[in-house]
Amino acid sequence: MKKLGLVLSGGGARGFAHIGAIKVLEEHGIKPCCIGGASMGAIIGATYASGASASDMENFVKNFVFDRVLDEKYPLYKMSKLERTNIKFLKYFSVGVSINGLIRRKALDSGRKVQYALKQLIGDVCFEKLKIPFACTATDMLSGKAVVLNKGKVYMAVRASMSIPLVFEPVESDGMLLVDGGVASNAPSFIVRDMGADVAVVVDVNPPVERKEKKDFKNPLEIVLRSYQITLEYLYRRELKEADYVVDAHVNVDTLDFSKNEEYVKIGENAMRKHIKNIEKLLRSE
């Protein structure tokens with residue numbers, strides 16, 4: 001039996017689909033030899049690697065309220081749920097967040113409450129104490145490179161990996177300024193191969209970028225945002241090709257849309273059920 005390396009992509013709220021995918025793997029008695037992830041994929045991956053079951057994580061999702069992990073003193077908390085759901089990065093400005101407020105800060109949220117929540121969720125554990133080997137990616141703003149985080153406190157590494165630019169403040173660590181792993185490496189198959197996996201299976205929760213029309217580009221900002229989106233999409237799709245197998249668990253919602261979390265879990269479950277026989281066959285192949 002070949003050793004499975006499970007790779008969980010970033011995607012914000014879409015990443016809750018990973019829980020459903022893990023649930024099906026558990027039902028079929030398939031345990032990954034190691035896990036790699038980025039952003040929300042890092043959160044789910046680290047939680048599972050620390051010993052939580054898919055059922056434990058499902059229960060967490062049922063009670064998850066995004067507002068509870070936001071810093072009340074920062075702009076993101078003060079925005080309505082609808083505003084958070086419908087915005088894309090710099091479009092926060094169009095819903096009343098002052099530019100002056102961001103000039104004095106590095107992001108719309110400090111990440112302090114998120115960090116505390118991650119510590120509660122994953123535990124105050126170091127990488128070498130995890131029940132399943134795990135590593136995640138972050139992006140160093142200083143060097144401009146992807147960084148693999150696999151030492152020290154797991155919750156701090158995950159805090160860096162999920163630091164969406166503009167949304168959460170970067171994490172300073174070992175002379176680096178770290179933001180979301182998805183900026184440079186959102187489906188890091190190389191991580192699990194480096195940890196000894198024979199087969200790298202990626203759970204892809206991100207639908208392809210949709211076509212836009214000329215009327216959607218009314219100003220330079222919208223062109224810049226679209227360019228950024230296209231660049232991330234290109235890097236991501238190229239990384240997916242490096243996997244041995246991709247489970248398409250696409251969740252078509254915005255990054256911060258935590259309104260139907262249990263439905264996202266179900267999408268991941270249904271997607272993995274469609275692919276599980278192929279994965280079993282791949283693991284048994286010579």
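Since the model is a prediction, treat every value here as computed from it, not as a measurement.

## With respect to the overall build of the protein chain
Link 1 in the chain: If you tally the helices and strands in the protein chain, you get eleven helices and eight strands.
Link 2 in the chain: Scaling as 2.2 N^0.38, a compact globule of 286 residues should have a C-alpha radius of gyration of about 19 Å, and the protein chain matches this with 18 Å.
Link 3 in the chain: Projected onto the principal axes, the alpha-carbon positions of the protein chain cover approximately 60 × 45 × 40 Å.
Link 4 in the chain: For the protein chain, the proportion of its 286 residues judged to be buried stands at 51%.

## Here we look at unusual backbone geometry
Link 1 in the chain: Non-glycine residue Ser39 carries a positive phi angle of around 55°.
Link 2 in the chain: Here Ser39 shows up in the loop between β2 (34-38) and α2 (40-49).
Link 3 in the chain: What makes Ser39 buried here is its relative accessible area of 5%.
Link 4 in the chain: For Leu166, which is not a glycine, the phi torsion comes out positive at approximately 80°.
Link 5 in the chain: Take Leu166: it is sitting in the loop between α8 (154-161) and β5 (171-173).
Link 6 in the chain: By relative accessible area, which is 19% here, Leu166 ends up buried.

## Side note on the pattern of salt bridges
Link 1 in the chain: The tally for this structure, following the rule as stated, stands at 14 salt bridges.
Link 2 in the chain: The residue Glu269 makes a salt bridge to Lys266 at a minimum N-O spacing of 3.6 Å. Here Glu269 pairs with Lys266, and both are found in helix α11 (residues 261-284), just three residues apart, close to one helical turn.
Link 3 in the chain: Take Glu269: its relative accessible area is 5%, and that puts it in the buried class.

## So, the pairing of strand β8 (residues 245-248)
Link 1 in the chain: The side-chain alternation of β8 yields one buried face, formed by Tyr245 and Val247, and one unburied face, formed by Val246 and Asp248.
Link 2 in the chain: In terms of strand pairing, strand β7 (residues 199-204) meets β8 through four bridges, oriented parallel. Its bridge partner lying in β8, Val203 is registered against Val247.

## Quick notes on empty space enclosed by the protein
Link 1 in the chain: On inspection of all chains with the given rule, the structure shows one cavity of 30 Å³ or more.
Link 2 in the chain: Here the largest cavity is characterised by a volume of approximately 40 Å³.
Link 3 in the chain: Lining the largest cavity, in full, are Gly182, Val183, Ala184, Ser185, Asn186, Leu232, Leu235, Tyr236 and Glu239.

## What about the pairing of β2?
Link 1 in the chain: In terms of burial, β2 is largely enclosed, as five of its five residues are buried.
Link 2 in the chain: Across the two faces of β2 the burial is the same, with Cys34, Gly36 and Ala38 and Ile35 and Gly37 all buried.
Link 3 in the chain: With four bridges connecting them, strand β1 (residues 4-8) and β2 associate as parallel partners. For Val7, the partnering residue across the bridge sits in β2 and is Gly36.
Link 4 in the chain: The parallel pair β1 and β2 is bridged by helix α1 (residues 17-27), and the resulting crossover is right-handed.

## Focus: the layout of surface pockets
Link 1 in the chain: If you add up the space inside the second largest pocket, you get close to 410 Å³.
Link 2 in the chain: Considering the residues around the second largest pocket, the lining is formed by 23 residues, among which Met40, Ile43, Phe60, Phe64 and Val69 are closest to the centre.
Link 3 in the chain: Within the residue set of the lining of the second largest pocket, elements represented by two or more residues are α2 and α7 (112-122).
Link 4 in the chain: With five residues, α7 is the single largest residue contributor to the lining of the second largest pocket.

## Quick look at the environment of Pro133
Link 1 in the chain: Tracing the backbone through its elements, the reader meets Pro133 in the loop between α7 and β3 (134-140).
Link 2 in the chain: Ignoring sequence-local partners within four residues, the contact set of Pro133 consists of Cys33, Cys34, Ile35 and Met195.

## Here we look at the side chain of His275
Link 1 in the chain: Inspection of the secondary structure puts His275 in helix α11.
Link 2 in the chain: In this structure His275 touches Tyr245, Val246, Val247 and Asp248, once residues within four positions along its chain are discounted.

## Thoughts on the confidence of the model for the protein chain
Link 1 in the chain: Considering every residue of the protein chain, the mean pLDDT works out to 92; 92% of them sit at 70 or more.
Link 2 in the chain: The low-confidence segment residues 92-98, where pLDDT is below 50, has 16 contacts with residues more than four positions distant or belonging to other chains.

## A closer look at helix α3 (residues 54-62)
Link 1 in the chain: Every buried residue of α3 is accounted for by Ala54, Met57 and Val61. One face of α3 carries all of its buried residues, which in axial projection span an arc of 65°.
Link 2 in the chain: In this structure, the buried side of α3 is in contact with α1, α2 and α11.

## With respect to α11
Link 1 in the chain: Between its terminal C-alpha atoms α11 stretches 34 Å, which fits the 34 Å expected from 24 residues at 1.5 Å a residue.
Link 2 in the chain: The largest bend in α11 is about 50°, located at His275.
Link 3 in the chain: Buried residues belonging to α11 abut β1, α1, α3, β7 and β8.

Cut-offs and rules
Residues numbered from 1 in each chain as written. Predicted model: local features only at pLDDT ≥ 70, side-chain atom pairs only at ≥ 80, totals over all residues. Heavy atoms only, no water. Helix = DSSP H or I, 4+ residues; strand = E, 2+ residues; numbered from the N terminus. Rg over C-alpha atoms; globule rule 2.2 N^0.38 Å. Buried < 20%, exposed > 50% of the residue type's maximum accessible area, 1.4 Å probe, protein only. Salt bridge = Lys/Arg side-chain N within 4 Å of Asp/Glu carboxyl O. Pairing = 2+ DSSP bridges. 1 Å grid on protein atoms, 1.4 Å probe; cavity = no way out; pocket = protein on both sides within 12 Å on 5 of 7 lines; lining within 4 Å. Points joined across faces, edges and corners; volume = space filled by probe spheres on them. Right-handed = clockwise from strand over helix to strand, strands pointing away. Contact = heavy atoms within 4.5 Å. pLDDT = per-residue confidence, 0-100. Arc of directions from axis to C-beta. Expected span 1.5 Å × (residues − 1). Bend = angle between axes of the 7 residues up to and from the residue.

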